[in-house]
Amino acid sequence: MLTWKLPKLLGIQQVPKVFHEDSILFGYRHPRSSATDCIISVFQMTNETLNIWTHFLPTWYFLWKLLALLYTLDVWTDRYAWPLVLYMVSCCLYPFTSSCAHTFSVMSVRARHICFFFDYGALSLYSLGSAVAYSAYVFPDRWLNSSYHQYYVPLAVTNSIVCTGMSCYSRLGLPFLHYNRDIIERFPETERPRLSKVMRVLAFAYPYLFDSIPLFYRLYLCTGDGCTENDACAAHRWHIGLAFLTGFLFATHLPERLAPGCFDYIGHSHQLFHVCAVIGTHFQMEALITDMSQRQSVLTAAAPLPSFIHTVGAVWMCIAVSLALITAFSSALYWKPRTSSNSKQS
């Protein structure tokens, strides 16, 4: 008879510090798990299980929405649809990459860093996808064709690249500038966790706030003609509320900080953060689809159709530079400083 032996779970004192999660005391997987163990652990209740499933399952929902869109639109010739398609592709990629990162991040210290480097890269791509769609469908009428509108996507590309670099730096620093061989295990995330956390929050908060400037203005500041009040505004407001709740949960580690050990498996902030992020993305997607359909005649008359360079070109630029940054930081994990003669003598 075949038996399926589940990997043994560990307490916080049994795993290296780099694997510690704030106020999570139990349910850790072995820090040198095999790929098979990682896959098996998806079906075992650990402190990462719901982190995996709360992003893996929504991936298929977003993929279904994308395929339905591709079925109804002529995306090869209709440039007006390109921003929405790129945005929805990014919506599929970021939860899938996150679920993979959480699944395989316990194979080693290096694997943990590399997994989350790709996770951050996918999030920065989602940020750019949102900006491309906002530029095409969300800008209030009175801002169309303004200088800000023309430079909005290029600035968003820059922000996304900075987001990837800064978030990777928050985990690792620049180890190739140091001479300590075990630097990857203790700088900066384990040595200065608060600074690392602040950097990571800023890395993702800034692109979101920049991307949302047209939306904030349209919903909360604009008065009179040209403010574009329509059926999408309610969904936009839901998305904004959930986005701020997502950031709050990520930054505060509530509720587990109030009762360490009580939310190790179910209900800790990262799970809630995932759920809020996915629901927020759903509302954002519905709002963009509504804006796209209801504003098409106005937008196509008042502004030129989205160009290749501001849609596909911008996304490819972000992907190329982000992959280069991820490669550089990942390579640094395997870089070993040359031992000096003095260190040999000592």
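The structure under discussion appears in the preceding block.
Residues numbered from 1 in each chain as written. Predicted model: local features only at pLDDT ≥ 70, side-chain atom pairs only at ≥ 80, totals over all residues. Heavy atoms only, no water.

*Asks:* For this particular structure, what's the right way to read the overall build of the protein chain?
*Replies:* From N to C terminus, the protein chain includes 12 helices and 0 strands. Each helix (α) and strand (β) of the protein chain, taken in turn from the N terminus, gives the series α-α-α-α-α-α-α-α-α-α-α-α. Relative to the globule expectation of 20 Å for 346 residues, the C-alpha radius of gyration of the protein chain, 22 Å, shows essentially globular dimensions. Dimensions of the protein chain, computed from the C-alpha atoms along their principal axes, are close to 70 × 55 × 40 Å. In the protein chain, which comprises 346 residues, the proportion classed as buried is 51%. When contacts within the protein chain are restricted to residue pairs at least 6 apart in sequence, those whose partners lie at least 24 apart make up 75%. Surface summary for the protein chain: the accessible area is close to 17100 Å², and the carbon and sulfur share equals 67%. (Helix = DSSP H or I, 4+ residues; strand = E, 2+ residues; numbered from the N terminus. Rg over C-alpha atoms; globule rule 2.2 N^0.38 Å. Buried < 20%, exposed > 50% of the residue type's maximum accessible area, 1.4 Å probe, protein only. Contact = heavy atoms within 4.5 Å. Areas by Shrake-Rupley, 256 points an atom, 1.4 Å probe, with all protein chains shown as cover.)

*Asks:* Quick question: what am I supposed to make of the environment of A320 here?
*Replies:* Counting through the fold element by element, A320 comes out in helix α11 (residues 312-334). Separated by 159 residues in sequence, A320 and I161 have C-alpha atoms that sit 9.6 Å apart.

*Asks:* What's the story with the pattern of salt bridges in this structure? I'm lost.
*Replies:* Opposite charge on two side chains permits them to pair, given that their charged atoms come into close proximity. Under the criterion given, the structure shown has 5 salt bridges. We note a salt bridge from K65 to E286, for which the minimum N-O separation is 2.7 Å. Pair noted here: K65 is in helix α2 (residues 49-72) and E286 is in helix α9 (residues 269-294), with a separation of 221 residues, a long-range link. For K65, a relative accessible area of 17% puts it in the buried group. (Salt bridge = Lys/Arg side-chain N within 4 Å of Asp/Glu carboxyl O.)

*Asks:* Would you mind going over the packing of helix α5 (residues 147-172) against α11 with me for this structure?
*Replies:* Two numbers describe a pair of packed helices, the interaxial angle and the distance between the axes. Axis separation between α5 and α11 bottoms out at 10 Å; the angle between their running directions is 15°. With respect to each other, α5 and α11 are oriented roughly parallel. Crossing hand, α5 versus α11: right-handed. For the pair α5 and α11, contact is made by V153, V157, S160, I161, T164, G165, C168, Y169 and L172 and by A314, M317, C318, V321, S322, L325, I326, F329, A332 and L333, respectively. (Axes fitted to C-alpha atoms, helices over the stretch in contact; angles between N-to-C directions. Parallel < 35°, antiparallel > 145°, perpendicular 65-115°, else oblique. Left-handed = near helix turned anticlockwise from the far one by under 90°.)

*Asks:* Can you walk me through a nonpolar patch on the surface in this structure?
*Replies:* A cluster of nonpolar side chains, namely F26, M45, Y265 and I266, defines an oily patch on the protein surface of about 390 Å² accessible area. As for its placement among the helices and strands, I266 is situated in the loop between α8 (232-252) and α9. Among the residues examined, I266 registers a relative accessible area of 56% and is labelled exposed. (Patch = residues over 30% accessible without salt bridge, like charges linked within 9 Å, V, L, I, M, F, W, Y side chains within 5 Å.)

*Asks:* How should the packing of α2 against helix α3 (residues 82-104) be read in this particular structure?
*Replies:* Between α2 and α3, whose axes approach to 8 Å, the crossing angle comes to 160°. It follows from the interaxial angle that α2 and α3 lie roughly antiparallel. Considering how the two elements wind past one another, α2 and α3 form a crossing that is left-handed. When its residues are assigned to classes, the contact of α2 with α3 shows 16 nonpolar, 7 polar and 1 charged. (Nonpolar A, V, L, I, M, F, W, Y, C, P; charged D, E, K, R; others polar.)

*Asks:* Honestly, the packing of aromatic side chains in this entry has me stumped. Any pointers?
*Replies:* What describes a pair of aromatic rings is the distance from one ring centre to the other and the angle between the planes of the rings. Per the counting criterion, the structure on display carries 24 aromatic pairs. Pairwise contacts between aromatic rings join F139, W143, Y148, Y152, F210 and Y217 into one cluster. We note K197 situated over the ring of F250; from NZ or CZ to the ring centre the distance is 3.7 Å. (Phe/Tyr/Trp six-rings, centres within 6.5 Å; stacked < 30°, edge-to-face > 60°. Lys NZ or Arg CZ within 6 Å of the ring centre and 35° of its normal.)

*Asks:* Mind showing me how you'd approach the side chain of R29 here?
*Replies:* Note on placement: R29 falls in the segment before α1 (35-41). Buried charge R29 goes without a salt bridge, the closest partner of opposite sign being E48 at 4.1 Å. In terms of polar contacts, R29 uses its side chain to reach the side chain of S41, at 3.0 Å. Looking at R29, its side chain comes within polar contact range of the main-chain oxygen of T103, at 2.9 Å. Discounting chain neighbours no more than four positions away, the residues touching R29 are L9, L10, V15, C38, S41, T46, E48, I52, H102, T103, S105 and V106. (Lys, Arg positive; Asp, Glu negative; His and termini not counted. Polar contact = N/O pair within 3.5 Å; in protein donor to acceptor, adjacent residues only side chain to side chain.)

*Asks:* I would appreciate a short explanation of the state of the cysteines in the present structure.
*Replies:* Tallying each qualifying case throughout the model produces 1 disulfide. Residue C222 pairs covalently with C227 via a disulfide, S to S 2.0 Å. Residues C222 and C227 are joined by a disulfide whose S-S torsion is about -80°; by sign, that bridge is left-handed. The exposure class assigned to C222 is buried, which follows from its relative accessible area of 11%. (Disulfide = S-S within 2.5 Å.)

*Asks:* Could you clarify how one ought to interpret the nonpolar core in this entry?
*Replies:* One broad trend across soluble globular proteins is that nonpolar side chains are buried collectively. Grouped together as the largest cluster of nonpolar side chains are 52 residues, with contacts concentrated most on L84, Y87, M88, L128, Y137, Y152 and L288. Where this core is concerned, the elements lending two or more residues are α2, α3, α4 (109-137), α5, α7 (213-221), α8, α9 and α11. Apart from residues no more than four positions distant in its own chain, L288 is found in contact with L84, Y87, A133, Y134, Y137 and V138. Counting residues in each nonpolar core, the second largest holds 10 residues, with I12, F19, I24 and V109 among its members. (Core = buried A, V, L, I, M, F, W, Y, C linked by side-chain atoms within 4.5 Å.)

*Asks:* I tried to follow the layout of surface pockets on my own but got confused; where do I start?
*Replies:* Empty space among the atoms becomes visible once a probe the size of a water molecule is rolled across them. As a volume, the second largest pocket reaches approximately 320 Å³. Lining the second largest pocket are 19 residues, and of these S135, H149, P304, L305 and P306 lie nearest its centre. Elements supplying a minimum of two residues to the lining of the second largest pocket: α4, α5 and α10 (296-302). Classifying every residue of the lining of the second largest pocket by side-chain character gives 11 nonpolar, 8 polar and no charged. (1 Å grid on protein atoms, 1.4 Å probe; cavity = no way out; pocket = protein on both sides within 12 Å on 5 of 7 lines; lining within 4 Å. Points joined across faces, edges and corners; volume = space filled by probe spheres on them.)

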